[in-house]
Amino acid sequence: MNFLETDLHSLHQQLVNHELTAVDLVKDTMSAIDEHEPQLNAFITTNQKKALAAAEKIDAEGIAEDNLLAGIPVAYKDNIVTKGVRTTAASHMLDNFNPVYDATIVEKLEQAGTIDIGKTNMDEFAMGSSTESSFFKPTHNPWDLSRVPGGSSGGSAAAVAAGEVFAAFGSDTGGSIRQPSAYNGIFGIKPTYGRVSRWGLIAFGSSFDQLGVMTRRVKDAAPFLTVMSGHDAKDSTSSQRPVPDFSQFIGQDIKGLKIAVPDEFFGKGIADDVKAQVEKGIQQLVEQGAIVDHVQLPHTKYAVPAYYVLASSEASSNLQRFDGIRYGFRAEDVKNLKDVYVRTRSEGFGPEVKRRIMLGTFALSSGYYDAYFNKAAKVRTLIKQDFEEILKTHDLIVGPTAPDTAFKIGANVSDPITLYMKDILTISANMAGVPAASVPAGFNAAGLPIGMQMIAKRFDEGTIFRAASAFEEMNQYYLEKPSFKGGNA
Amino acid sequence: MISKDQVAHVAELARLSFTDAELEHFTTQLDQIIAMEHALAEVPTDGVAPTTQLTDTENVFRADVPVTDGPSRDELLQNVPESKDGLIKVPSIIDKGEADA
């Protein structure tokens, strides 16, 4: 079975009709992984034994007609804890860490019968936009192997785009699901903050982090998100709101849908080919009956500086727990307890993680708190209000997902600020807590994928599925397959 | 302009240590990042309340009863770098000599 040539409904039908077994699917998945991994490095850990055991159990029980997800092979970003399967956050700090519990989403998805194939590569502790800060190795983009897959969920995005797994899960703190989805020509959704429990997600910026799903096709993501969502007593920030079946929004028309297009999303720094392709896409939405207004989100240019202070401050606090005492790496030959902390952290964290811990510690330190942390938190309020204002009168905000297409591996590693600016279009949705997705919007002249971003009101993921599936139907970009060429991976 | 001494102080607070060359490099990079942050100063925020969380709730309580379905002590100790008799072993706080006693 080739995941590049099928969809969830036909896979499911074949499983129900016994034309295919869950064990067949695991074996096909493992051979796709064996074929592509030498070029891609999308995975940190695979667990064939666990996957086969789970698949055998599913096959023995039989697959119910109404359980779309049973027997479907999936992968988790390596900052989502999985019981008994090494979970590293792509850091030396955790390279020997074996969780003793499952994240809530893992529990829910396994209950639904999905098969966990393994753990995907990422930027260390999800800090980055290219998957190059992984302690282990950089991941390559299947559309051009000399280029990055984006990040931080770059392994998950590349694994789905290459057809190594059917669906993959990621976390999004400032765009870490959407930007790699755009760079890999797949669909990726970051739901509303609070929609999905964060229990078992290794924390980065707790008021920004949200878990989401990535698939090649829009309609295939909906049943996964439905299963993942909902209140969890283990995450007090998860919402009590009822969860709709997101599949009901697939295939609805978009007549009369009110779309806001912010001028700031098409300004300086956005590549011309990205602008042109996304503008073309917006025109198609108009042809299908959507009503488009051009609007302003005046605080957009402050999103990057405000985000880096706030998310780094939260990270500096969250990452205090990595001290070499209870789990993970501990430095050798230490003199005393303080030395354990300092040496463990200095040897265990990579440069980007240290940079953010330093920035966050600085922004929270005595004498600087008001000028940096508190100021940024106030600017966050203004950014949030910009969004709330526009979304009072519009159903959706539409623009590009990323300012450019996938860049060359190594091109931006020495310049943190250039790399931070890659997140300029995605950060605001995390600042405001609203749901946002990247939808495949075609390719540039070099054949690199371009993503269109759709942002909706809080808890209105349904409108994103409605518009994104209509857009997918018009274009069927999923028929294009990655070249696996370029570079010398 | 952030100084090398300030960066060293922040590193101490964050329990990180750097070589002199790393400290130079970090000072330059942090200085650039903090310069980017100065854009925030131009935004008028008088009377604007800070946003630090996005839930609709204020406090979340639960009954004060023990959680009994969590991992066992043995499971929790599986990832501990060094343990003895079901306890986590750490070096002595002050002096290396006693750590091995």
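Residues numbered from 1 in each chain as written. Chains lettered and ligands numbered in written order. Predicted model: local features only at pLDDT ≥ 70, side-chain atom pairs only at ≥ 80, totals over all residues.

J.: So what's going on with the overall build of chain B? Residues and values would help.
T.: A tally of helices and strands in chain B yields four helices and two strands. Listing the helices and strands of chain B from first to last along the sequence gives α-α-α-β-β-α. In summary, chain B has a C-alpha radius of gyration of 23 Å against a globular reference of 13 Å for 101 residues, an excess of more than 25%. Seen through its principal axes, chain B has C-alpha atoms that stretch 55 × 45 × 20 Å. Looking at the 101 residues of chain B, the share that counts as buried comes to 13%. (Helix = DSSP H or I, 4+ residues; strand = E, 2+ residues; numbered from the N terminus. Rg over C-alpha atoms; globule rule 2.2 N^0.38 Å. Buried ≥ 20, exposed ≤ 12 C-beta atoms within 10 Å, placed from the backbone.)

J.: Help me get a handle on the nonpolar core, residues and values and all.
T.: All names here are of chain A. Judged by nonpolar contacts, the single largest core of 161 residues is most densely connected at Val74, Ala167, Ala306, Met454 and Ala468. Tallying contributions element by element places helix 9 (residues 303-318) first for this core, with nine residues. Ignoring anything within four residues of it in the chain, the contact list for Ala167 reads Ile72, Val74, Val160, Val213, Met214, Thr215, Asp220 and Phe224. (Core = buried A, V, L, I, M, F, W, Y, C linked by C-beta atoms within 7 Å. Contact = placed C-beta atoms within 7 Å.)

J.: Residue-level account of the interface of chain B and chain A, with values.
T.: For interface size, the figure often reported is the accessible area lost on association. Contact with chain B, which involves 43 residues of that partner, is made by 52 residues of chain A. Looking at the side of chain B that touches chain A, the elements that each hand over two or more residues are helix 1 (4-13), helix 2 (20-37) and helix 3 (73-77) of chain B. By residue number, the principal contributor to the side of chain B that touches chain A is helix 2 of chain B, which donates seven residues. Grouping the amino acids of the side of chain B that touches chain A by side-chain chemistry returns 26 nonpolar, 11 polar and six charged. (Nonpolar A, V, L, I, M, F, W, Y, C, P; charged D, E, K, R; others polar.)

J.: Could you give me a rundown of the environment of Ala303 of chain A, with the residues and numbers involved?
T.: Residues and elements named next belong to chain A. Relative to the helices and strands, Ala303 is located in helix 9. For Ala303, a count of 26 C-beta atoms within 10 Å corresponds to the buried category. For the pair Ala303 and Thr426, spaced 123 residues apart in sequence, the C-alpha separation works out to 9.3 Å. When neighbours within four sequence positions are excluded, Ala303 is seen to be in contact with Ile383, Ile424, Ile427, Ser428 and Met431.

J.: Break down the environment of Thr29 of chain A for me, citing the residues and quoting the values.
T.: Residue placement: Thr29 of chain A occurs in helix 2 (residues 22-40). As for Thr29 of chain A and Thr88 of chain A, which are separated by 59 residues in sequence, their C-alpha atoms are 22 Å apart.

J.: Go over the sheet that holds strand 9 (residues 396-400) of chain A, please, and point to the residues and values.
T.: Residue and element names in this part refer to chain A. The sheet built from 11 strands is open, its strands ordered 1-3-2-4-6-5-10-11-9-7-8 with mixed pairing. Bordering the open sheet on either side are strand 1 (43-46) and strand 8 (291-295), each of which pairs with just one other strand. Along the sheet, successive strands turn relative to each other by an average axial angle of 25°, direction set aside. Looking at chain direction, strand 7 (residues 258-262) and strand 9 are connected through two bridges and run parallel. Directly across from Ile259, in strand 9, lies its bridge partner Leu396. Relative to strand 3 (residues 115-120), helix 3 (residues 48-61) is tilted by about 160°, and along the sheet it contacts strand 1, strand 2 (73-77) and strand 3. (Pairing = 2+ DSSP bridges. Axes fitted to C-alpha atoms, helices over the stretch in contact; angles between N-to-C directions.)

J.: Lay out the pairing of strand 7 of chain A in plain terms, naming residues and giving numbers.
T.: Residue and element names in this part refer to chain A. Summarising the sheet, strand 7 and strand 8 pair through five bridges and their orientation is parallel. Bridging from a neighbouring strand, Ala260 pairs with Asp293 of strand 8. Considered for its hand, the β-α-β crossover made up of strand 7, helix 8 (residues 272-287) and strand 8 is right-handed. (Right-handed = clockwise from strand over helix to strand, strands pointing away.)

J.: An account of helix 8 of chain A is requested, with residue identities and associated values reported.
T.: All names here are of chain A. Taking 1.5 Å per residue as the helical rise, helix 8 with its 16 residues ought to reach 22 Å, and the 23 Å between its terminal C-alpha atoms agrees with that figure. All of the buried residues along helix 8 are Val274, Gln277, Val278, Gly281 and Leu285. Angularly, the buried residues of helix 8 cover 95° about the axis, an arc narrow enough to put them on a single face. Residues of helix 8 that are exposed and point over 90 degrees away from its buried face: Asp272, Gln283, Val286 and Glu287. Where the residues of helix 8 are buried, they touch strand 7, strand 9, strand 10 (436-443), strand 11 (449-456) and helix 15 (461-475). Immediately downstream of helix 8, the backbone of Gly289 shows phi near 110°, a positive value. (Expected span 1.5 Å × (residues − 1). Arc of directions from axis to C-beta.)

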